[in-house]
Amino acid sequence: MNKDFDNLLPFLSYNNRELAILIGLFLSRFNQDALDAFDFSGYHQAYNILGYALNVRPKSINNYRDEFDPYYPNGRKGWSRDMSAHSKIVFDLAKDLTFEQFVFIIKARLSHTEIDWADIKQPSRHYGDSKEFSAERLITGKAAEEYFVQKCPTIELFNGFHITNTTDLGCGFDFKLSKGMERYYVEVKGMNTRTGNILMTEKEHRVAEELTDRYCLFVVRDFRQTPFHDYYFDPLHSDRLLFEKHERQVVQTTFTGKLLTP
């Protein structure tokens, strides 16, 4: 195993609170480069997206960054008190990590797919050029989904429903809600801004067409400032939404290996 990767294994097992502290250290130490790594437009957006993705308060990410600011020449004063015991443990273990190692740890923990260390360890810091792990990708993934999980019990219509996470099953929706014989199927989308476009895959569109008013499109808006949500039952026939069909041809490259006779 690559030695650089092997040294990161303890951080990959961090719980959400420890990872939030690590992210605060990352933002404090690397500033704009840290934001660019995920294509964040600013710190407020970073706090919202990373906080919801980790199921911690966005303000906590801000507080952890402020806690580490006095230790780095970043132009911010931060807090004028000693760092907490938990933060001190993370700081002592992670203070010598490279920029690339921080990026790998965070992306490996927040991504739905496996991350290759070789893809991260590049001499350039312009990670924002890659949309594979951009702010937009995180919004449409873990951040918006965790937002829904947090807010669902507070929505009167969904009160008392059991939530089943189906995001990894590829079934055309992210969550199944059940209470007795009642069922709702919820697809979660996220947006940087208050208005804009959302994308439905062909499968999501087909399932929404089949389930009609049992299918709910849950949209989380404005991660750049203060996230809020709207939801739409039978979204394909809603007078508040307008869908247009777009088709594109995707070229996929594969390699075939021929087994040679010994």
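Residues numbered from 1 in each chain as written. Predicted model: local features only at pLDDT ≥ 70, side-chain atom pairs only at ≥ 80, totals over all residues. Heavy atoms only, no water.

(A) Representation of the overall build of the chain within the structure. Secondary structure assignment for the chain yields ten helices and five strands. For the chain, with 262 residues in total, the buried portion stands at 46%. Partitioning the contacts of the chain with sequence separation of at least 6, the portion at a separation of at least 24 is 59%. Accessible surface, the chain: about 15,300 Å² in total, of which carbon and sulfur atoms supply 48%. (Helix = DSSP H or I, 4+ residues; strand = E, 2+ residues; numbered from the N terminus. Buried < 20%, exposed > 50% of the residue type's maximum accessible area, 1.4 Å probe, protein only. Contact = heavy atoms within 4.5 Å. Areas by Shrake-Rupley, 256 points an atom, 1.4 Å probe, with all protein chains shown as cover.)

(B) Quick peek at the packing of helix α3 (residues 16-37) against helix α5 (residues 58-68). Where α3 meets α5, the axes come as close as 7 Å, and the angle between the chain directions of the two elements is 55 degrees. In terms of their interaxial angle, α3 and α5 are classed as oblique. In this structure, α3 crosses over α5, and the sense of that crossing is right-handed. Residues R17, A20, I21, I23, G24, L25, L27 and S28 of α3 pack against I61, Y64, R65 and F68 of α5. (Axes fitted to C-alpha atoms, helices over the stretch in contact; angles between N-to-C directions. Parallel < 35°, antiparallel > 145°, perpendicular 65-115°, else oblique. Left-handed = near helix turned anticlockwise from the far one by under 90°.)

(C) How the structure looks around the environment of T201. Relative to the helices and strands, T201 is located in the loop between β3 (182-190) and α10 (202-211). Assessed through its relative accessible area of 38%, T201 is described here as partly exposed.

(D) Fine view of the packing of aromatic side chains. Overall, the coordinates contain 25 aromatic pairs when judged by the stated rule. Ring centres of F218 and Y231 lie 6.3 Å apart, and the angle between their planes is 0 degrees; this geometry places the pair in the stacked category. Placement of the pair is F218 in strand β4 (residues 215-221) and Y231 in strand β5 (residues 228-233), with a sequence separation of 13 residues. Assessed through its relative accessible area of 0%, F218 is described here as buried. Its guanidinium or amino end placed over the ring of Y43, R65 lies 4.6 Å from that ring's centre, counting from NZ or CZ. (Phe/Tyr/Trp six-rings, centres within 6.5 Å; stacked < 30°, edge-to-face > 60°. Lys NZ or Arg CZ within 6 Å of the ring centre and 35° of its normal.)

(E) Molecular detail of the sheet that holds β3. An order of β1-β2-β3-β4-β5 is seen for the five strands of this open sheet, with the pairing classed as mixed. Among the strands making up the open sheet, the edge pair consists of β1 (162-165) and β5. Strand-to-strand twist in this sheet, taken as the mean axis angle between neighbours without regard to direction, amounts to 25 degrees. Relative to β4, β3 runs parallel, the two sharing six bridges. If you follow E187 over to β4, its bridge partner there is L217. (Pairing = 2+ DSSP bridges.)

(F) Layout of the pattern of salt bridges. For the structure shown, the criterion picks out nine salt bridges. Where D69 meets R76, a salt bridge forms, and the shortest distance between an N and an O atom there is 2.9 Å. When its relative accessible area of 23% is taken as the criterion, R76 is described as partly exposed. Between K189 and E204 there is a salt bridge whose closest N-O contact spans 2.8 Å. One end of the pair, K189, is in strand β3; the other, E204, is in helix α10, with 15 residues separating them in the sequence. Residues K189 and E204 agree in their burial class; the two are buried. One continuous salt-bridge network, built from bridges that share partners, spans R65, D66, D69 and R76. (Salt bridge = Lys/Arg side-chain N within 4 Å of Asp/Glu carboxyl O.)

(G) Highlighting unusual backbone geometry. Notably, N31 is not glycine yet its phi reads approximately 50 degrees, a positive angle. Within the element layout of this structure, N31 appears in helix α3. A positive phi angle is found at D222, which is not glycine, with a value near 65 degrees. Along the chain, D222 falls in the loop between β4 and β5.

(H) Focus on helix α7 (residues 99-110). The end-to-end C-alpha distance of α7, which contains twelve residues, comes to 17 Å, matching closely the 16 Å that a straight helix rising 1.5 Å per residue would cover. With respect to burial, α7 is a largely interior element, ten of its twelve residues being buried. Along α7, the residues classified as buried are F99, E100, Q101, F102, V103, F104, I105, I106, K107 and L110. (Expected span 1.5 Å × (residues − 1).)

(I) The arrangement of helix α6 (residues 85-94) in detail. Of all the positions in α6, only S87, V90, F91 and A94 are classed as buried. For α6, the arc enclosing every buried residue in end-on projection is 100 degrees, short of the 170-degree limit, so these residues lie on one face. Exposed and oriented more than 90 degrees from the buried face of α6 are A85, I89 and L93. Those residues of α6 that are buried are in contact with α2 (9-12), α3, α5 and α7. (Arc of directions from axis to C-beta.)

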